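# Analysis of the macromolecular model
One-letter residues, chain by chain:
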Amino acid sequence: MRPGGRGRSSTILAPAGESPELKRDSLGSMHDPKEATAKQREAFRLANDLTMDLVSGSTIYNTFQVIFDRGTTKVPDHVRTSVTRMCLFHVILTLAKWTEFYDRYKDVIPSGVQDIAKHLRKDILARGIIDFRNKVAGHVWDDANRRALTNAEVEERLTAFVGAGAKEFLTWAGDPDVATCTNRPIVVIETVRDAIRDAYHLTDTDLNR
């Protein structure tokens, strides 16, 4: 993540003495707990978690590529493949979570960002990401075929939505430094998170309530 933007949402994961923070901007100090319901705070926390998870998938992938390329010893292909698989599956699961988030919390998503939130859900479904989660990334069994998918079938489904390659897909999904397309998942989810924060007058403190 960018310097100064750690976006923590759990005291278990935060070092002692540090309060949870959102990425990029400060959230102000004015807050009345009565202004927000538990569901609104929950939506804020979950959207923040999804933002962090998307960014981490892209960032970790890029970090490992730099380490691999600068190393004096050739990195075995299976290690490179494992890192790519880990980051891809992590981001795929996060994108799948967004569809569930939208279904469960659309009633607290502010009207100004409802359209982009809904569009992202449709885009994720149309790309086949949920189907891939159900049959590969999150499970080992294809219920329709009553068997596990073959390597060729997995590759075919992955290529269908990854397109040009893993790096490009991860950049599209979670690179916080690319702002050329406002429909990218990281842009949409961060925008929705910030809209929830602002609409219900939430702050960093609400991430752990």
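Residues numbered from 1 in each chain as written. Predicted model: local features only at pLDDT ≥ 70, side-chain atom pairs only at ≥ 80, totals over all residues. Heavy atoms only, no water.

## Topic: the overall build of the protein
- If you tally the helices and strands in the protein, you get seven helices and zero strands.
- Reading the secondary structure of the protein in the N-to-C direction produces α-α-α-α-α-α-α.
- For the protein, the proportion of its 209 residues judged to be buried stands at 44%.
- Look at the contacts in the protein between residues 6 or more apart in sequence, and 71% of them connect residues 24 or more apart. (Helix = DSSP H or I, 4+ residues; strand = E, 2+ residues; numbered from the N terminus. Buried < 20%, exposed > 50% of the residue type's maximum accessible area, 1.4 Å probe, protein only. Contact = heavy atoms within 4.5 Å.)

## A closer look at the nonpolar core
- Ranked by size, the top nonpolar core spans 52 residues in total, and within it Ile 92, Leu 95, Trp 98, Phe 101, Phe 132 and Phe 169 carry the most contacts.
- Going through the elements one at a time, α1 (38-70), α2 (77-105), α3 (114-126), α4 (129-137), α5 (151-162), α6 (166-174) and α7 (185-199) are the ones with two or more residues in this core. (Core = buried A, V, L, I, M, F, W, Y, C linked by side-chain atoms within 4.5 Å.)

## What to know about the packing of α2 against α4
- Put simply, α2 and α4 touch, their axes get as near as 9 Å, and they point 125° apart. Between α2 and α4, the angle falls in the class oblique. As for the relative orientation of α2 and α4, their crossing is left-handed in sense. Side by side, α2 and α4 meet where Phe 89, Ile 92, Leu 93, Leu 95, Ala 96 and Thr 99 of the first sit next to Ile 129, Ile 130, Phe 132, Arg 133, Val 136 and Ala 137 of the second.
- Grouping the constituent residues of the contact of α2 with α4 by class yields ten nonpolar, one polar and one charged. (Axes fitted to C-alpha atoms, helices over the stretch in contact; angles between N-to-C directions. Parallel < 35°, antiparallel > 145°, perpendicular 65-115°, else oblique. Left-handed = near helix turned anticlockwise from the far one by under 90°. Nonpolar A, V, L, I, M, F, W, Y, C, P; charged D, E, K, R; others polar.)

## Section: the side chain of Thr 94
- Inspection of the secondary structure assignment puts Thr 94 in helix α2.
- Given a relative accessible area of 3%, Thr 94 falls into the buried group.
- Non-local contacts of Thr 94, meaning those with residues more than four positions away in its chain, are made with Leu 50, Asp 53 and Leu 54.

## A word on the packing of aromatic side chains
- For the structure on display, the rule yields seven aromatic pairs.
- Both rings, one in Phe 64 and one in Phe 68, keep their centres 5.7 Å apart while their planes meet at 45°; by these two values the pair is tilted. Of this pair, Phe 64 and Phe 68 both sit in helix α1, four residues apart, roughly one helical turn.
- On the basis of relative accessibility, which here comes to 30%, the residue Phe 64 falls in the partly exposed class.
- In this structure an aromatic cluster arises from ring pairing among Phe 89, Phe 132, Phe 161, Phe 169 and Trp 172. (Phe/Tyr/Trp six-rings, centres within 6.5 Å; stacked < 30°, edge-to-face > 60°.)

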